[in-house]
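Survey of secondary and tertiary structure
What follows is each chain in one-letter form.
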Amino acid sequence: MLLCAVLALTGCIDTTTKVVVKADGSGTIEKTIFLSRHLAELMISMGNKSDPATIEQGMLNEKTLKAGAARLGSGVTFVSAEKVTGPKGNGWKALYSFKDIGAVKLSQNPAADLTIPGASTTNTAPTDKESFTFTFTKGAPATLSIAFPKPDPNAKPAGGPPAGAATDEKMVQSIKQLYADMRIVLVVTVDGTIAKTNATYTSGSDVTLLDMDFAKIIGDEATYKKLSSMQNQSMTEVRKTVKAVPGILIEDHDPVTISFR
């Protein structure tokens, strides 16, 4: 039941992470996390007796965001957090600082900052297999290298749902509603001018590594059916599956290199 809750709550999150890197390798991480308006009713359906505001505050608050600094890597410090409201729901914007981008690790799990009732929590940084990692070389220009999470070659193939689950209309509509508000965005911004990069999606000093809007994915019936027939697939497999969907941005190169002045 707990695993189901974690998977369901992941679909209720809209998260944008922006990493700013300076020429000396220091910088900031800004995380904006919105919880879907459907989250409270989902938790109530799972037996939570609280009101919607209490549910939201219990799952995401300044305390959990402060503790999240340790999950971002050694030397990452919490700076501030403020409540925000958007079209999809309520949330928080948190700012962190770091002295060495090489020590930063960004988890690929959008639910990492949530406090889920009954789940054990950890403030340790994720492993390289679970996170985006960075290598930095000072100079003129400075060079930043970004590696995507690496799949575990020893992991057992995930089993799919029961036969017919992907075509059960009631289940299809439930899953679509659950994941319609999910979005994961990861942007790296260099504090300077990009001199050279192999990145696919750039705008000025910004490099977009991921922009996965699940409302667009759900709108592509063929892709959605493929995903729903492999519900336990890894993020690496998800990238391969959704890459052709219009409006979904997933960096082509791994690692991504950025030279900047």
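Everything here concerns the structure above.
My aim in this report is to walk through the structure given alongside it, one point at a time. Sequence order as written defines residue numbering, which begins from 1 separately in each chain. Two thresholds apply to this predicted model, a pLDDT of at least 70 for residue-level local features and 80 or more for giving and counting side-chain atom pairs, whereas whole-chain, interface and lining totals are computed over all residues. The side-chain figures draw on all heavy atoms in the structure; neither hydrogens nor water molecules are used.

Observations concerning the packing of aromatic side chains
To be explicit about the condition: Here the aromatic set is Phe, Tyr and Trp, taking the six-membered ring for Trp, and pairing holds for ring centres within 6.5 Å; pairs whose planes are under 30 degrees apart are stacked, those over 60 apart are edge-to-face, and all others are tilted. A run of H or I in DSSP counts as a helix once it spans at least four residues, and a run of E counts as a strand once it spans at least two, with each numbered from the N terminus. To sort residues, take the accessible area from a 1.4 Å probe on protein chains only and compare it with the maximum for the residue type: under 20% means buried, over 50% means exposed, and anything in between is partly exposed.
Under the defined criterion, the tally for this structure stands at three aromatic pairs. Between Phe 136 and Phe 260, the aromatic rings sit 6.4 Å apart at their centres with planes inclined by 45°, giving tilted as the arrangement. Of this pair, Phe 136 sits in strand S6 (residues 131–137) while Phe 260 sits in strand S13 (residues 256–260), and the two are 124 residues apart along the sequence. Each member of the pair, Phe 136 together with Phe 260, is buried.

Some remarks on the pairing of S13
Operational definition: Pairing between strands is defined by DSSP: at least two bridges between them are needed.
The buried count for S13 comes to four of five residues, which makes it a mostly enclosed element. Note: strand S7 (residues 142–147) against S13, five bridges, orientation antiparallel. Its bridge partner being in S13, Ala 142 is matched across the sheet by Phe 260. Here three bridges tie strand S9 (residues 194–197) to S13, and the two strands are oriented antiparallel to one another. Residue pairing for S13: Lys 196 is matched across the bridge by Ser 259.

Topic: the pattern of salt bridges
Stated formally: A pairing counts as a salt bridge when a side-chain nitrogen of Lys or Arg comes within 4 Å of a carboxyl oxygen of Asp or Glu.
Tallied over the entire structure, the rule returns five salt bridges. Between Asp 14 and Lys 88 there is a salt bridge whose closest N-O contact spans 2.9 Å. In this pair, Asp 14 sits in strand S1 (residues 13–21) while Lys 88 sits in the loop between strand S3 (77–86) and strand S4 (89–98), placing the two residues 74 residues apart along the sequence. What makes Asp 14 buried here is its relative accessible area of 11%. Residue Asp 211 is joined to Arg 183 by a salt bridge in which the shortest nitrogen-to-oxygen separation is 2.8 Å. In this pair, Asp 211 sits in strand S11 (residues 206–213) while Arg 183 sits in strand S8 (residues 183–190), placing the two residues 28 residues apart along the sequence. Judged by relative accessible area, Asp 211 falls into the buried class, the value being 12%. For Arg 183, a relative accessible area of 28% translates into the label partly exposed.

A short note on the environment of Lys 226
Residue placement: Lys 226 occurs in helix H7 (residues 221–228). Separated by 12 residues in the primary sequence, Lys 226 and Val 238 place their C-alpha atoms 9.8 Å from one another.

Overview of the environment of Asp 211
As a reminder, the rule being used: By definition, residues are in contact when any of their heavy atoms lie within 4.5 Å. Here a polar contact means two N or O atoms within 3.5 Å. Within protein one must be a hydrogen donor candidate and the other an acceptor candidate, and residues neighboring in sequence count only if both atoms are side-chain atoms.
Sequence separation between Asp 211 and Leu 186 is 25 residues; the distance between their C-alpha atoms is 6.6 Å. If near-sequence neighbours (up to four positions away) are discounted, Asp 211 is found in contact with Arg 183, Ile 184, Val 185, Gly 247, Ile 248 and Leu 249. A polar atom in the side chain of Asp 211 sits 2.8 Å from the side chain of Arg 183.

Regarding the sheet that holds S6
Filter applied, for reference: Throughout, an axis means a line fitted to C-alpha atoms (over the contacting stretch in the case of helices), and angles, computed between N-to-C directions, take values from 0 to 180 degrees.
With antiparallel pairing, the five strands of this open sheet are ordered in space as S5-S6-S7-S13-S9. For this open sheet the edge positions go to strand S5 (105–107) and S9, each flanked by a neighbour on one side alone. Strand-to-strand twist across the sheet, computed as the mean angle between neighbouring axes with direction ignored, equals 20°.

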